[in-house]
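Summary of structural features
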Amino acid sequence: MLEAADLEIDVLDFRQRSFQFDRIAEIDGVRFAVFSRTETESESQFRPKLVHLRVAVPLAWIARDEEADSLRIARDGAVTLPTIAEAVLEVGAEPPEFREQGIDWKRAAAPGGALVYAPTEYAGRLLAAPGFAALGLT
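Presented here is a report on the structure given in the accompanying data block. Here the residue numbering is sequential within each chain, running from 1 through the sequence in written order. pLDDT decides what is reported in this predicted model: residues at 70 or higher carry local features, side-chain atom pairs at 80 or more are listed and counted, and totals for whole chains, interfaces and linings draw on all residues regardless. Water and hydrogen atoms were dropped before computing side-chain values, which therefore reflect all heavy atoms in the structure.

Quick look at the overall build of the chain now. Within the chain, the regular secondary structure consists of three helices and nine strands. In this text, helices come from DSSP runs of H or I with a minimum length of four residues, and strands from runs of E with a minimum of two, each type numbered from the N-terminal end. Listing every helix and strand of the chain by position from the N terminus yields α-β-β-β-β-β-β-β-β-β-α-α. In this scheme, a residue with accessible area under 20% of its type's maximum is buried, one over 50% is exposed, and one in between is partly exposed, where area comes from a 1.4 Å probe on protein chains only. Evaluated residue by residue, the chain yields a buried proportion of 43% over its 138 residues. Pairs at least 24 residues apart make up 48% of the contacts formed inside the chain by residues separated by at least 6 positions. The contact rule is simple, with two residues in contact once any of their heavy atoms fall within 4.5 Å.

Below, the structure written as structure tokens:
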């Protein structure tokens, strides 16, 4: 299993975006790697605002993809699923529930406006006030 020092070296590929490692958070005995990214809401708006994105993934699900020199999400710890090229949507246009890298995901707004992605099976813990606090989003 990778540790914080390993995660700081590379970026996580998720939703065809690159996320940088932020922290490790423990919730109900499960260690999660938290990755972050900041982007503009829409370049077409007169005054686009910044959107802060977080991805919380069980630490055991993170694998290093040596070929791509990046981190990937793989439930079994092995990078086996190929990356599928899709059109990148603005975050606001994405559905709040989707499937990515063989895993079902949910997205929800946290206090302060950050958007958090969590695996559906952990969404009840992560996408609620105690989970947001553990992720540093209060």
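Within the fold, Glu 94 resides in the loop between strand S6 (70-73) and strand S7 (97-100). Within the local environment of Glu 94, its side chain forms a polar contact with the side chain of Arg 17, the two groups lying 3.1 Å apart. Any pair of nitrogen or oxygen atoms within 3.5 Å is treated as a polar contact; in protein, a donor-acceptor pairing is required on top of that, and neighbouring residues in sequence qualify only through side-chain atoms on both sides.

Relative to the helices and strands, Arg 17 is located in strand S2 (residues 17-27). Within polar-contact distance, the side chain of Arg 17 engages the side chain of Glu 39 at 3.1 Å.

Only buried Ala, Val, Leu, Ile, Met, Phe, Trp, Tyr and Cys residues count toward a nonpolar core, and they belong to the same one when joined by side-chain atoms within 4.5 Å. If you look at the biggest cluster of nonpolar residues, it comprises 40 residues, and the most contacted ones within it are Phe 35 and Ile 62. Excluding residues within four positions of it along the chain, Phe 35 makes contact with Leu 7, Leu 12, Phe 19, Gln 20, Phe 21, Asp 22, Leu 53, Arg 54, Val 55, Ile 62 and Leu 71.

So, about the pairing of S2. In regular strands, side chains alternate between the two faces of the sheet. Across three bridges, the pairing between strand S1 (residues 12-14) and S2 is antiparallel. Following the sheet pairing, Asp 13 is matched in S2 by Ser 18. Two successive antiparallel strands, S1 and S2, enclose a turn made up of two residues, where Arg 15 displays a positive phi of approximately 55°. Strands are treated as partners if at least two bridges between them are detected by DSSP. Bridge count between S2 and strand S3 (residues 30-40): seven bridges; the pairing is antiparallel. For Ile 27, the partnering residue across the bridge sits in S3 and is Val 30. Linking S2 to S3, which pair antiparallel, is a turn of two residues; within it Asp 28 sits at a positive phi near 50°.

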